[in-house]
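Below, each chain spelled out in residue letters.
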Number of protein chains: 2
Amino acid sequence: MSRDFLYNEIANGIAGQIKTGVLKSGDKLPSVRMLCEEHGISMNTAKRVFLELEAQSLIDSKPQSGYFVSRLPYLKLPLPAVSRPSARANDNEPDELTSKVYANMGNDALTLFSISAPAGELLPLAKLKKDIVQATRDLKEAGTAYEPLQGNVKLRRIVAIRSLGWGGHLHEDDLITTNGAMNAVSLCLMALGKPGDTIAMESPCYSGMLQLAISLGFKVLELPTHPVTGLEIAALKAAIPKINLCLLVPNFNTPLGSCMPDEHKKEIVALLAKHNIPLIEDDIYGDLYFGTQRPKCCKSFDKEGNVLWCSSVSKTLAPGYRVGWVAPGKYKAQLLKLKLIHAISSATIIQESVANFLGSGKYENHLRHLRRTLQSNYQHYVHAIAEYFPEGTKTSRPQGGLAIWVELSKGADTKQLYDLAIKRSISIAPGRMFTLQNQFENCMRLCIGLPWSADIRLKLKQLGQLAKSI
Amino acid sequence: MSRDFLYNEIANGIAGQIKTGVLKSGDKLPSVRMLCEEHGISMNTAKRVFLELEAQSLIDSKPQSGYFVSRLPYLKLPLPAVSRPSARANDNEPDELTSKVYANMGNDALTLFSISAPAGELLPLAKLKKDIVQATRDLKEAGTAYEPLQGNVKLRRIVAIRSLGWGGHLHEDDLITTNGAMNAVSLCLMALGKPGDTIAMESPCYSGMLQLAISLGFKVLELPTHPVTGLEIAALKAAIPKINLCLLVPNFNTPLGSCMPDEHKKEIVALLAKHNIPLIEDDIYGDLYFGTQRPKCCKSFDKEGNVLWCSSVSKTLAPGYRVGWVAPGKYKAQLLKLKLIHAISSATIIQESVANFLGSGKYENHLRHLRRTLQSNYQHYVHAIAEYFPEGTKTSRPQGGLAIWVELSKGADTKQLYDLAIKRSISIAPGRMFTLQNQFENCMRLCIGLPWSADIRLKLKQLGQLAKSI
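This one's a predicted model, so the numbers in the text were calculated from it and none came from an experiment.

Enquirer: Sorry, what's going on with the overall build of chain A here?
Expert: Counting its secondary structure elements, chain A contains 15 helices and 17 strands. The C-alpha atoms of chain A give 22 Å as radius of gyration, which agrees with the globular expectation for 470 residues (23 Å, within 12%). Considered along the principal axes of its C-alpha atoms, chain A spans approximately 65 × 50 × 50 Å. Of all 470 residues assigned to chain A, the portion counted as buried reaches 65%. Contacts spanning at least 24 positions in sequence make up 76% of the contacts within chain A whose residues lie at least 6 apart. A total accessible area of about 17,100 Å² is found for chain A, and carbon and sulfur atoms account for 51% of it.

Enquirer: Whenever I open this one, helix α5 (residues 125–138) of chain B confuses me. Can you help?
Expert: In an α-helix there are 3.6 residues to a turn, and that puts residues three or four apart on one side. Taking 1.5 Å of rise per residue, 14 residues should cover 20 Å, and α5(B) covers 20 Å from first to last C-alpha, within 8% of that figure. The set of residues buried in α5(B) consists of Leu125(B), Leu128(B), Asp131(B), Ile132(B), Val133(B), Ala135(B) and Thr136(B). Buried residues along α5(B) sit against α5 (125–138) and α12 (348–359) of chain A together with α12 (348–359) and α13 (362–388) of chain B.

Enquirer: How should the relation of the copies chain B and chain A be read in this particular structure?
Expert: Each of the two chain copies can be brought onto the other by rotation about an axis and movement along it. For the pair chain B and chain A, the superposition axis carries a translation of 0.0 Å, the fit reaches an RMSD of 0.1 Å, and the rotation angle comes to 180°. On this basis, the relationship between the two copies can be described by a two-fold rotation axis. Closest approach to the rotation axis among the C-alpha atoms of chain B is made by Val133(B), whose C-alpha sits 3.0 Å away. Counting the interface residues of chain B, we find that 100% of their copies in chain A are interface residues as well, pointing to one common contact surface.

Enquirer: Sorry, what's going on with the interface of chain B and chain A here?
Expert: Interface size is commonly expressed as the accessible area that is lost once the parts come together. Between chain B and chain A, the residue contacts involve 59 residues of the former and 59 residues of the latter. Taken together, the two surfaces of chain B and chain A that pack against each other cover about 4,600 Å², and 65% of this comes from carbon and sulfur. Of all residues in chain B, the largest losses of buried area upon contact with chain A belong to Met105(B), Thr144(B) and Tyr146(B), amounting jointly to 16% of the total for that side. Connecting chain B to chain A are four salt bridges. A salt bridge links Lys140(A) to Asp108(B); the nearest nitrogen and oxygen atoms lie 3.0 Å apart. Where chain B packs against chain A, one counts 14 residue pairs in polar contact (both at pLDDT 80 or more). Residue assignment for the side of chain B that touches chain A shows that the elements contributing at least two residues are α5, α7 (180–192), α8 (207–215), α11 (332–342) and α12 of chain B. Ranked by residue count, the leading element in the side of chain B that touches chain A is α5(B), at seven residues. Per-class residue counts for the side of chain B that touches chain A are 31 nonpolar, 17 polar and eleven charged.

Enquirer: Mind showing me how you'd approach the nonpolar core here?
Expert: Grouped burial of nonpolar side chains is what soluble globular proteins tend to show. One finds Leu446(A) and Leu446(B) to be the most contacted residues of the largest nonpolar core, which totals 246 residues. Contact partners of Leu446(A), with chain neighbours within four places excluded, come to Phe113(A), Tyr381(A), Ile385(A), Leu402(A), Ala403(A), Ile404(A), Val406(A), Ile428(A), Leu460(A) and Leu463(A).

Enquirer: Teacher, can you tell me more about the packing of aromatic side chains here?
Expert: Each aromatic ring pair is summarised here by two numbers: the centre-to-centre distance and the angle between the ring planes. All names here are of chain A. According to the stated counting rule, one finds 16 aromatic pairs over all chains in the structure shown. For the pair Tyr 381 and Trp 452, a centre-to-centre distance of 5.7 Å together with 50° between the ring planes defines the contact as tilted. One end of the pair, Tyr 381, is in helix α13 (residues 362–388); the other, Trp 452, is in the loop between β17 (443–447) and α15 (454–469), with 71 residues separating them in the sequence. Since its relative accessible area comes to 0%, Tyr 381 is described here as buried. For the ring pair Trp 405 and Phe 440, a centre distance of 5.5 Å and an interplane angle of 85° mean the geometry is edge-to-face. Taken together, the positions of Trp 405 in strand β14 (residues 403–407) and Phe 440 in the loop between β16 (429–430) and β17 put the pair 35 residues apart, joining distant regions of the chain. For Phe 440, a relative accessible area of 12% gives the class buried. Above the ring of Phe 68, the side-chain terminus of Lys 62 is found at 4.4 Å from the ring centroid.

Enquirer: Is there a simple way to explain the pairing of strand β9 (residues 245–248) of chain A in this structure?
Expert: Remember that side chains alternate between the two faces of the sheet whenever the strand is regular. Residues and elements named next belong to chain A. Burial along β9 is two-sided: the residues Leu 245 and Leu 247 and Cys 246 and Leu 248 are all buried. Taken together, the three bridges between strand β5 (residues 198–202) and β9 define a ladder with parallel strand orientation. When the bridges of β9 are listed, Met 201 appears paired with Leu 247. Note: β9 against strand β10 (residues 279–282), three bridges, orientation parallel. Considered in β10, the bridge of Cys 246 is made with Leu 279. Where the polypeptide runs from β9 across helix α10 (residues 262–274) and back to β10, its parallel neighbour, the crossover connection is right-handed.

Enquirer: Sorry if this is basic, but what is going on with the sheet that holds β9(A) here?
Expert: Sheet strands pair via backbone hydrogen bonds, and the direction of the pair is either parallel or antiparallel. All names here are of chain A. Pairing within the open sheet is mixed, and its seven strands lie in the order β4-β12-β11-β10-β9-β5-β6. In this open sheet, the two edge strands, each paired with only one partner strand, are β4 (176–178) and β6 (219–223). On average, each strand axis in the sheet is inclined to that of its neighbour by 20°, with strand direction left out of account. Both β5 and β6 contribute to a ladder of five bridges, which runs parallel. What sits directly across from Ala 200, in β6, is Leu 221. Along the sheet, helix α11 (residues 332–342) contacts β4, β11 (307–312) and β12 (324–327); its crossing angle with β4, the most-contacted strand, is approximately 35°.

Enquirer: How should unusual backbone geometry be read in this particular structure?
Expert: Leaving glycine out, the prevailing phi sign among residues is negative, and the prevailing peptide bond configuration is trans. All names here are of chain A. Cis rather than trans, the peptide bond between Ser 203 and Pro 204 has omega equal to 0°. When you line up the elements, Pro 204 lands in the loop between β5 and α8 (207–215). Positioned with a positive phi, Glu 141 is a non-glycine residue whose angle comes to about 50°.

Enquirer: Would you explain the environment of Leu128(B) in this entry?
Expert: Following the sequence through the fold, Leu128(B) ends up in helix α5. Judged by relative accessible area, which is 1%, Leu128(B) ranks as buried. Not counting chain neighbours up to four residues away, the residues in contact with Leu128(B) comprise Thr144(A), Leu317(B), Ala318(B), Tyr321(B) and Phe357(B).

Enquirer: Which parts of the structure should I look at to understand the environment of Val32(B)?
Expert: All names here are of chain B. Along the chain, the position of Val 32 falls in helix α2 (residues 32–39). Given the relative accessible area of 18%, Val 32 is considered buried. Taking the C-alpha atoms as reference points, Val 32 and Met 43, separated by eleven residues in sequence, lie 6.7 Å from one another. If sequence neighbours within four positions are ignored, Val 32 has contacts with Met 43, Ala 46, Lys 47, Phe 50 and Tyr 67.

Procedures and definitions
- Residues numbered from 1 in each chain as written.
- Chains lettered and ligands numbered in written order.
- Predicted model: local features only at pLDDT ≥ 70, side-chain atom pairs only at ≥ 80, totals over all residues.
- Heavy atoms only, no water.
- Helix = DSSP H or I, 4+ residues; strand = E, 2+ residues; numbered from the N terminus.
- Rg over C-alpha atoms; globule rule 2.2 N^0.38 Å.
- Buried < 20%, exposed > 50% of the residue type's maximum accessible area, 1.4 Å probe, protein only.
- Contact = heavy atoms within 4.5 Å.
- Areas by Shrake-Rupley, 256 points an atom, 1.4 Å probe, with all protein chains shown as cover.
- Expected span 1.5 Å × (residues − 1).
- Least-squares fit on C-alpha atoms with pLDDT ≥ 70 in both.
- Buried area = accessible area lost by both parts, 1.4 Å probe.
- Salt bridge = Lys/Arg side-chain N within 4 Å of Asp/Glu carboxyl O.
- Polar contact = N/O pair within 3.5 Å; in protein donor to acceptor, adjacent residues only side chain to side chain.
- Nonpolar A, V, L, I, M, F, W, Y, C, P; charged D, E, K, R; others polar.
- Core = buried A, V, L, I, M, F, W, Y, C linked by side-chain atoms within 4.5 Å.
- Phe/Tyr/Trp six-rings, centres within 6.5 Å; stacked < 30°, edge-to-face > 60°.
- Lys NZ or Arg CZ within 6 Å of the ring centre and 35° of its normal.
- Pairing = 2+ DSSP bridges.
- Right-handed = clockwise from strand over helix to strand, strands pointing away.
- Axes fitted to C-alpha atoms, helices over the stretch in contact; angles between N-to-C directions.

Read these as spatial facts, not as claims about activity.
Structural data, given as structure tokens:
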């Protein structure tokens, strides 16, 4: 019996027991080791069983205690189907909605379901302030001088150390710091591509990536993507002859929140290396897993230096700090040249303060807390959506990250919903922002990074009522 | 008699008196008002007389006291000639030297004559630190949130207020903040040009601009430039049919330090507006004038919104802060779109702290001090060069800024000099970095932003000896 089959069978079995009430809310599940012995399976397979059940919000993990049946009632909202974008690359202009939605950024008068970022209340503000003060004291010349081109060495060192956690094995010299991850991706695209090139991405994918690709003169090939397991490998294989570059967000990508299984990552890395197609991997959500373990990255399987791993602290610690980095593998020289040209240097003080924070135990503590909050938010959101949104609504089952993808019935238009919602001071990200094709008109992304409250519930209720009205 | 003729005649007259010893070192010159009455000329003409004499290092200004004959002996080093680049645009790769030289950035073991930046000793470090601490306290959520796309409003407001000083009449809403001025220029080029376009620049010009233009797929048309008055207008006129964009550093550009007279600025702005060719103006050195008055900008004469005025605090306050901005005139929407795509947001804390500093009286105090130091450095450099460098050496006569341009005799090769000097831990910027053509092989740029000392004099002496050996 194949491993895939086994894992599905066991997960379905447990899911069935939960749904039929054999296992009850709060019940403790067997440990990973017990599950292995019970079914004669490997540790990895057992872990995948639990991850799958967590992804379906059927169980929760409690650190040092194990897995428990979720205390929230079982969710009946179905998953959206695998996306089926056109197999033709295109260079359509992104929907004008994107600019409209981003113009709301920083507007305190709105409930910003539209921006994928953790709210300030979820961030360790006092500690960050202290680290900034410390950085201005520690740095030579208070950080006013141009720093070496590759970026703050303390930050590169701690990112390298932390890479062990996802099998990265990076050295500080493998890393270049940037002004956030989008700046890293932008440098990668400029370094490796040229106008007219075709770049493969997930579909739906982050609107900023689409805008970036089009503004640099690329064509974008959107690929079918599964809401749970991410990019469909068969589609990527078929597209190989047509593409020059690949840009993926394998871990908890926005808007879907899917997480590519390790075997898929490994296979994709080998496939792209074989065809000498660089893979730009955006891993900004990787630390925000709802499960028990930080997922690996494509970079974890990169033997050829063909993966350019980009990340930042914008989704975990401080969006406004603009601190990111890239491990560009064999493309380091090109990246350094581009960084010199477009940025010269980064804001040293902020990089140093983030390095201080990451280097202390404070970051792990903060992440643990943030992950728990986001996972709980996600469950609150799904329950509010189930309660208030129209019949036929589907939602993604993110396994991490900051967003939930909501699909209304065919025919509903979330562009129209945006206009109605903004009048009630609610900003959403309509589905059209996440594609260059005619897709996802009835979808929207909602950020789950706002602290849960009666007001947020009310806003979701209002949104649901508006959705029923269109 | 034309105004130009008058001003030259009077300046030459006074210069002659200084050179022949009629006026002696330390002598006080007549006031601007007295000069007006004496010669029946306007205030503006009188001021230009003094500026010209200052540019030639014949006189010094003392705040609240007036002008005095320079205490340093008259400089006999001749000026380099007007540059004569080829009239054909090209897209040659920049000399590999540039990467080599910039790899030295932040290397404390070297004497960095190669980097155009003020040394930390010349910066108000303690005050900057305080302003950063203040900013983390004042900002909502300690600056961790994404700020509105246009950038920190306090910074935009104070830059707008200060624009009165150069006739800018900007409003905070006219400005977009960026990660330093190069980021501003890079956004301008991406917003307004496309691969294959031709962009006109001064020659020699800043190597980073050349790299940027080439990396974006532009062709560069280098234009003849006068070491004192900057771009030759006739050459620009002749080039109009060939160019799509124009990128100039009218005030104290690097490497020459030339300053375009106001009438030239006005004429160029009108010329380019007439032909609908956007003018990107990089004004990072504008506050570093050696004369008595902040020079105007091309933006001062911009009635059509055709000038994109870029600046930063990288040359005056804190290179490592990466705080810059652009007033993009009628191209604001395009710039905002590009900023969203490539940067999303800027580091709020640093922008806020710079805004605090600029808004206090501290910035003007600091600038006064910095300008005096740079002007005095310049004179020390020129005297050391006159003493130690080979016969036939020419130098520019910067009227502001951070650099001096040194031309050795024909046949000398500053690329070779670089290799010799770096072995003695001295880094210079060879002339070839500032062109895409075969020019300036016998030239180099030296930064005057290092505090003058016996050691700097020794390093210049060593450099001179090496220059004699090649």
